[in-house]
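Notes for the structure review
So the chains spell out like this:
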Amino acid sequence: MEYSNLISQLLKGHPRAAARLITFVENDIEAAEEIVNSIYEHTGNAYILGITGAPGTGKSTFISTLIKIYVEQGKKIGIICVDPTSPLTGGALLGDRIRMKQLFSIDNVFIRSMANRGQLGGLARATEDVIKILDAYGCDIVIVETVGVGQSEVDIFKSAHTVVVLLVPGLGDDIQAIKSGIMEITDIFVVNKMDLPGADKKIAEIQQMLEFKKNYKYDSKEISEKFAKIEQWTPEITKVNSKIGENFDELLGLIKKHKSFLEESGVISNYLKNRITNETIQILKYKLTEKVEELLNSDKEIGKYIDQAIKKSLDPYSMANLIIKMLGLEK
Ligand SMILES: Nc1nc2c(ncn2[C@@H]2O[C@H](COP(=O)(O)OP(=O)(O)OP(=O)(O)O)[C@@H](O)[C@H]2O)c(=O)[nH]1
Ligand SMILES: [Mg+2]
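In this report, we go over the structure that sits alongside the text. (Residues numbered from 1 in each chain as written. Chains lettered and ligands numbered in written order. Predicted model: local features only at pLDDT ≥ 70, side-chain atom pairs only at ≥ 80, totals over all residues. Heavy atoms only, no water.)

Turning to helix H1 (residues 4-11), its buried residues are Leu6, Ile7 and Leu10. Seen from one end, H1 has its buried residues packed into an arc of 100°, which puts them on one side. Taken together, the buried residues of H1 touch helix H2 (15-27), helix H3 (29-39) and helix H6 (122-137). Two residues or fewer past H1, Gly13 is found with a positive phi of approximately 90°. (Buried < 20%, exposed > 50% of the residue type's maximum accessible area, 1.4 Å probe, protein only. Helix = DSSP H or I, 4+ residues; strand = E, 2+ residues; numbered from the N terminus. Arc of directions from axis to C-beta. Contact = heavy atoms within 4.5 Å.)

Following this line, the structure appears as structure tokens:
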């Protein structure tokens, strides 16, 4: 098999093999398929932390401090910086990467940036594959960092065991900046920059927001089934100073508490079910779209439908239903 050499190096913990395999899964879905097929049985050991926050809330500083503590504990860490808004790997992320790499030895910390450069099957699919590679590589913890915007993040965070959202003292703009879908899957709110005035006020604002949300968020059956964890877990709120590592003991305690909750409540099995379902949907969306596009470009029958649609004797919904029938997918 084409990738077997690289995969055996990956499983032995060679960072260059990890880097190369990641490039393959980002750029080539057939490669992704082959690679994931081979490494899948070696995954499932990493704890996945999703971290988000509006620009400037201190994500990079926070993550650096977190990595430092985990590395001191002897853990191997993978960091995936996802920027769904940037057409290219952003300068800021790249700067962070260089700074972080200077801070840590390459053996224990693996950092990778991903941006939305037309990845096949979407960013969530690619991120999920990169998580698997870092898992098989032997990372104890994989941190997925994103900026606080967009639906793709909600999809990305469906892979995370624990979702941490950073906010800062001051006006509530940062709360506004986080999409409501993210709020609903947040396990721990962290008010960063606790050294600045207003940290406790921000904590009170978050509490208030959660109270307000509690009244309607569980009404949505779809959401509660998708994220059963939110029914049983009340999001924790804490404050830290990422610059000097103040109050990180408490934060780490909360992450541990959430991990124990997942395991002891049995919600972990629901999490796994959701994660696998979500991932499969991402892959299917890509594969089915590809199949349909193939059909649209090659099949004469469909050419006729398109002509009919132009003449207004067939509408696009009816045409889509006909295509579903042609694919043998009708109920
Ligand atoms: N006072 C104070 N400043 C902090 C703290 N954490 C981070 N900062 C500062 O806040 C600024 C932004 O921090 P970053 O870590 O770059 O924030 P970020 O969220 O990664 O920013 P983007 O990558 O641009 O989205 C920097 O000047 C940090 O030094 C903190 O706990 N207290
Ligand atoms: Mg940053």
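Next comes the rest of the account.
It is worth spelling out the layout of surface pockets at this point. Gaps left between atoms show up when a probe the size of a water molecule is rolled over them. Volume-wise, the largest pocket comes out at about 580 Å³. Forming the boundary of the largest pocket are 28 residues, of which Asn45, Ala46, Tyr47, Ile48 and His161 lie nearest the centre. When contributions to the lining of the largest pocket are tallied by element, the ones reaching two or more residues are strand S1 (47-53), H6, helix H13 (248-265) and helix H14 (267-298). (1 Å grid on protein atoms, 1.4 Å probe; cavity = no way out; pocket = protein on both sides within 12 Å on 5 of 7 lines; lining within 4 Å. Points joined across faces, edges and corners; volume = space filled by probe spheres on them.)

Let us look at empty space enclosed by the protein. According to the stated counting rule, one finds two cavities of 30 Å³ or more in the structure shown. As a volume, the second largest cavity reaches approximately 30 Å³. In this structure, the second largest cavity is lined by Ala124, Arg125, Glu128, Asp155, Ser159, Asn278, Glu279 and Gln282. Split into classes, the residues belonging to the lining of the second largest cavity amount to one nonpolar, three polar and four charged. (Nonpolar A, V, L, I, M, F, W, Y, C, P; charged D, E, K, R; others polar.)

Where H2 meets H3, the axes come as close as 5 Å, and the angle between the chain directions of the two elements is 130°. It follows from the interaxial angle that H2 and H3 lie oblique. When the axes of H2 and H3 are compared, the crossing they make is left-handed. Contacts between H2 and H3 involve Leu21, Phe24, Val25 and Asn27 on the former and, on the latter, Ile29, Ala31, Ala32 and Ile35. Class assignment for the residues of the contact of H2 with H3 results in seven nonpolar, one polar and no charged. (Axes fitted to C-alpha atoms, helices over the stretch in contact; angles between N-to-C directions. Parallel < 35°, antiparallel > 145°, perpendicular 65-115°, else oblique. Left-handed = near helix turned anticlockwise from the far one by under 90°.)

As for its placement among the helices and strands, Glu279 is situated in helix H14. A relative accessible area of 12% places Glu279 in the buried class. Residues in contact with Glu279, not counting those within four places in the same chain, are Glu128, Asp129 and Lys132.

Per the stated rule, a full pass over the model turns up four aromatic pairs. When the ring of Tyr3 is compared with that of Phe24, the centres are 5.0 Å apart and the planes differ by 65°; the resulting orientation is edge-to-face. Of this pair, Tyr3 sits in the segment before H1 while Phe24 is found in helix H2, placing the two residues 21 residues apart along the sequence. The ring of Tyr137 has Lys76 lying over it, and the distance from NZ or CZ to the ring centre is 3.8 Å. (Phe/Tyr/Trp six-rings, centres within 6.5 Å; stacked < 30°, edge-to-face > 60°. Lys NZ or Arg CZ within 6 Å of the ring centre and 35° of its normal.)

Attention shifts here to the site of ligand 1. If you check the shell around ligand 1, you find 14 residues, and the closest are Lys59, Ser60, Thr61, Asp195 and Ser242. Between ligand 1 and Gly56 there is a distance of 3.1 Å, counted from an oxygen atom to a backbone nitrogen or oxygen. Within the side chain of Asp195, one N or O atom sits 2.7 Å away from a nitrogen atom of ligand 1. For ligand 1, whose free accessible area comes to 660 Å², the fraction covered by protein is 72%. Grouping the amino acids of the shell around ligand 1 by side-chain chemistry returns two nonpolar, eight polar and four charged. (Near = heavy atom within 4 Å. Polar contact = N/O pair within 3.5 Å; in protein donor to acceptor, adjacent residues only side chain to side chain. Areas by Shrake-Rupley, 256 points an atom, 1.4 Å probe, with all protein chains shown as cover.)

Further remarks concern unusual backbone geometry. Notably, Asn247 is not glycine yet its phi reads approximately 70°, a positive angle. Of note, Lys312 is a non-glycine position whose phi angle comes to about 70°, a positive value. With respect to the helices and strands, Lys312 occurs in the loop between helix H15 (300-310) and helix H16 (316-326).

Here the focus is the pattern of salt bridges. Per the counting criterion, the structure on display carries 11 salt bridges. Of the charged contacts in the structure, one is a salt bridge between Glu236 and Lys257, with a shortest N-O distance of 2.5 Å. Here the residue Glu236 occupies a position in strand S7 (residues 236-239), and Lys257 occupies one in helix H13, the gap between them amounting to 21 residues. A salt bridge links Lys304 to Glu301; its shortest N-O distance comes to 3.6 Å. Placement of both Lys304 and Glu301 in helix H15 is noted, with a separation of three residues, approximately one turn of the helix. Residue Lys304 is classed as partly exposed on the basis of its relative accessible area, which comes to 49%. One salt-bridge network, held together by shared partners, links Glu128, Lys132, Arg275 and Glu279. (Salt bridge = Lys/Arg side-chain N within 4 Å of Asp/Glu carboxyl O.)

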